[in-house]
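# Descriptive structure summary
For reference, the chains in residue letters:
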Amino acid sequence: MVETALRLLNEGGLDGLTLRRIAKELDVQAPALYWHFKNKQELLDEMATEIFRRLFRSTLPGGGPGPSSRWPSWQEMLLNTCAVLRRELLTYRDGGKVVAGTRMTDDSFAVPLELFLSHFTAAGFTLSEAARAWWTAYNYTVGLVIEEQSVHPDPAHREVRDPSYDLDERERRLGAEYPLAARAGRALFADLGEAFEAGIRIIVAGIEVNYVREHGR
């Protein structure tokens, strides 16, 4: 059922995903689905959990929690993990919105979270610092994906841009009165992959600076 829901998500987006449509696709009566999910939010929670299961299978280096040769530093771990998170969410239409604010339906998230946090604590971060560092980078990534999927809504045609994000038209509209805001549009929306890389490196640099300030090294 969740597999069907994820496929229909890519076809029609989050707004077009309904329990009734899933039931029709499965050739069952809509009330039958309520044995599994009481409402759409419960379905979204399970969809988000499945997305994260797939994501974690592609990020975990194996061997359980603890620093690994795949990620020799917390910086590399954070950069690589957030890059994979972005890449995986972009494979699902409205993937960012699906996972934002949803609740996990099992504890499968605990294994990768333990691994990610262990890279920070092994480097000298307190658990509180480690959790906040990861949470900041995670939320930046999900938030950027939501913005990115507004610009390029169809994961099957990533080159297609929503007309609302026509950069030439934006510059014409804003250029005379707001020249800096007009030109900034290309930095924000022209190459969202490049924008993501710049932003996540700013976050890593900020975590480094804050760590040195707090610990004196």
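Quick caveat, the model's predicted, so the values are computed rather than measured.

### Overview of the confidence of the model for the protein chain
Scored by pLDDT, the protein chain has a mean of 88; 92% of the residues are at 70 or more. For the protein chain, per-element mean pLDDT is lowest for helix α3 (residues 30-33), which scores 68, and highest for helix α8 (residues 127-151), which scores 96. Overall, residues 63-67 carries pLDDT values under 50, and its contacts beyond four positions in sequence, including any with other chains, amount to ten contacts.

### Observations regarding the packing of α8 against helix α11 (residues 192-215)
The contact between α8 and α11 brings their axes to 11 Å, and the two run at 165°. The orientation of α8 with respect to α11, classified from their angle, is roughly antiparallel. Of the two possible hands of crossing, α8 and α11 adopt the one that is right-handed. Contact with α8, carried on its side by Glu129, Ala133, Thr136, Ala137, Tyr140, Thr141, Leu144, Glu148 and Val151, involves Leu192, Ala195, Phe196, Gly199, Ile200, Ile203, Ile207, Glu214 and His215 of α11 and no other residues of that element. For the contact of α8 with α11, the per-class residue count stands at eleven nonpolar, four polar and three charged.

### What to know about α11
Between its terminal C-alpha atoms α11 stretches 34 Å, which fits the 34 Å expected from 24 residues at 1.5 Å a residue. Listed as buried for α11 are Leu192, Gly193, Ala195, Phe196, Gly199, Ile200, Ile203, Val204, Ile207 and Tyr211. Elements in contact with the buried residues of α11: α5 (74-89), α8 and α10 (179-189). The distance from a side-chain oxygen at the start of α11 to the backbone nitrogen of Gly193 is 3.2 Å, and the residue carrying that oxygen is Asp191.

### Details of the pattern of salt bridges
Applying the stated rule across the entire model yields 16 salt bridges. Across the pair Arg103 and Asp45 runs a salt bridge whose closest N-O atoms are separated by 3.4 Å. Here Arg103 is found in the loop between α6 (95-99) and α7 (110-122), whereas its partner Asp45 is found in helix α4 (residues 40-59), with 58 residues between them in sequence. The class for Asp45 is buried, based on a relative accessible area of 5%. Glu148 serves as the salt-bridge partner of Arg158, at 2.8 Å between the closest nitrogen and oxygen. Of this pair, Arg158 sits in the loop between α8 and α9 (167-174) while Glu148 sits in helix α8, and the two are ten residues apart along the sequence. Several salt bridges share partner residues, and in doing so they unite Glu3, Glu46, Glu50, Arg53, Arg54 and Asp106 into one network.

### Some points on α8
Across its 25 residues, α8 extends 36 Å between first and last C-alpha, which sits within 8% of the 36 Å expected from 1.5 Å per residue. Every buried residue belonging to α8 is among Ala130, Ala133, Trp134, Ala137, Tyr138, Thr141, Val142, Leu144, Val145, Glu148, Gln149 and Val151, and all of these are buried.

### Quick word on the packing of aromatic side chains
Within the structure shown, the criterion is met by eleven aromatic pairs. Each ring, one from Phe52 and one from Tyr138, has its centre 6.2 Å from the other, and the planes form 35°; the classification is tilted. Linking Phe52 in helix α4 with Tyr138 in helix α8, this pair joins segments that are 86 residues apart in sequence. Ring geometry for Trp135 versus Tyr138: centroids 5.6 Å apart, planes at 10°, classification stacked. With Trp135 and Tyr138 both in helix α8 and three residues apart, the pair spans about one turn of that helix. Put simply, the rings of Phe52, Phe56, Phe116, Trp134, Trp135 and Tyr138 pair up and form one aromatic cluster.

### Some words on the side chain of Thr141
Within the secondary structure, Thr141 is located in helix α8. Only 2.9 Å separates the side chain of Thr141 from the backbone oxygen of Ala137, close enough to count as a polar contact. Setting aside its immediate chain neighbours within four residues, Thr141 contacts Cys82, Leu85, Arg86, Phe196 and Ile200.

### What to know about unusual backbone geometry
With a phi angle near 60°, Asp94 is a residue other than glycine that sits in the positive phi range. Positionally, Asp94 belongs in the loop between α5 and α6.

### Describing the layout of surface pockets
A volume near 440 Å³ is recorded for the largest pocket. Contributing to the lining of the largest pocket are 21 residues, with Phe52, Met104, Trp134, Trp135 and Tyr138 lying nearest its centre. Residue assignment for the lining of the largest pocket shows that the elements contributing at least two residues are α4, α5, α7 and α8. With six residues, α8 is the largest single contributor of residues to the lining of the largest pocket. Residues belonging to the lining of the largest pocket are distributed by class as follows: 15 nonpolar, five polar and one charged.

So, how was this worked out
Residues numbered from 1 in each chain as written. Predicted model: local features only at pLDDT ≥ 70, side-chain atom pairs only at ≥ 80, totals over all residues. Heavy atoms only, no water. pLDDT = per-residue confidence, 0-100. Helix = DSSP H or I, 4+ residues; strand = E, 2+ residues; numbered from the N terminus. Contact = heavy atoms within 4.5 Å. Axes fitted to C-alpha atoms, helices over the stretch in contact; angles between N-to-C directions. Parallel < 35°, antiparallel > 145°, perpendicular 65-115°, else oblique. Left-handed = near helix turned anticlockwise from the far one by under 90°. Nonpolar A, V, L, I, M, F, W, Y, C, P; charged D, E, K, R; others polar. Expected span 1.5 Å × (residues − 1). Buried < 20%, exposed > 50% of the residue type's maximum accessible area, 1.4 Å probe, protein only. Polar contact = N/O pair within 3.5 Å; in protein donor to acceptor, adjacent residues only side chain to side chain. Salt bridge = Lys/Arg side-chain N within 4 Å of Asp/Glu carboxyl O. Phe/Tyr/Trp six-rings, centres within 6.5 Å; stacked < 30°, edge-to-face > 60°. 1 Å grid on protein atoms, 1.4 Å probe; cavity = no way out; pocket = protein on both sides within 12 Å on 5 of 7 lines; lining within 4 Å. Points joined across faces, edges and corners; volume = space filled by probe spheres on them.

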